[in-house]
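These are the residues of each chain, in order.
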Amino acid sequence: MSGAPNRRDDEVRRLLDTPHPMVPAGLVAVATVRGRRTVRRRRFAHHVLWVLLLAAVAAGIALAVMAWPDHHDPAGRTGDDTWWAPVSMGRVTAPPLP
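A few points on the structure.

1. So, the pattern of salt bridges
- With the rule as written, the count across this model stands at two salt bridges.
- Between Glu11 and Arg7 there is a salt bridge, and its shortest N-O distance comes to 3.9 Å. Within this pair, Glu11 and its partner Arg7 are both found in helix H1 (residues 7-17), separated by four residues, close to a single helical turn.
- Residue classification places Glu11 among the partly exposed residues on the basis of a relative accessible area of 33%.
- Residue class for Arg7 comes out exposed when judged on its relative accessible area of 62%.
- Of the charged contacts in the structure, one is a salt bridge between Asp10 and Arg13, with a shortest N-O distance of 3.4 Å. One end of the pair is Asp10 and the other is Arg13, both in helix H1 and three residues apart, which spans about a single turn.
- Accessibility expressed as a relative area gives 35% for Asp10, which makes it partly exposed.
- A residue is classified by how much of its surface remains accessible, and Arg13, at 51% relative accessible area, is exposed.

2. Quick word on H1
- Counting buried positions along H1 yields zero of eleven residues, so the element is predominantly exposed.
- With a side-chain oxygen positioned 3.3 Å from the backbone nitrogen of Arg8, the residue opening H1 is Asn6.

3. Overview of a positive patch on the surface
- Taken together, the side chains of Arg34, Arg36, Arg37, Arg40, Arg41 and Arg43 make up a positively charged region of the molecular surface.
- In this structure, Arg37 sits in helix H2 (residues 27-67).

Parameters and conventions
Residues numbered from 1 in each chain as written. Predicted model: local features only at pLDDT ≥ 70, side-chain atom pairs only at ≥ 80, totals over all residues. Heavy atoms only, no water. Salt bridge = Lys/Arg side-chain N within 4 Å of Asp/Glu carboxyl O. Helix = DSSP H or I, 4+ residues; strand = E, 2+ residues; numbered from the N terminus. Buried < 20%, exposed > 50% of the residue type's maximum accessible area, 1.4 Å probe, protein only. Polar contact = N/O pair within 3.5 Å; in protein donor to acceptor, adjacent residues only side chain to side chain. Patch = residues over 30% accessible without salt bridge, like charges linked within 9 Å, V, L, I, M, F, W, Y side chains within 5 Å. Areas by Shrake-Rupley, 256 points an atom, 1.4 Å probe, with all protein chains shown as cover. Lys, Arg positive; Asp, Glu negative; His and termini not counted. Charge placed at Lys NZ, Arg CZ, Asp CG, Glu CD.

This is how it looks when you write it as structure tokens:
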């Protein structure tokens, strides 16, 4: 670096040489309490979301197990050419597009 004075350096020195404002006495304690509260709330929300995700996965697995066709046709047929044919609903087709 050169020894020439820099205008930006002078401005920074001037700002740092001014007296600093006083910090209120209880500010650190209040900020600590708020920070801990925020962390606690985030952690609680994180746990709740994980529990909801696990419940949704368990419900999806239970639904898939209950809806799985467990009977086999003795004639050897594989179905009525649909990707899934529930026993009680018959053939499920999509509505025609307009």
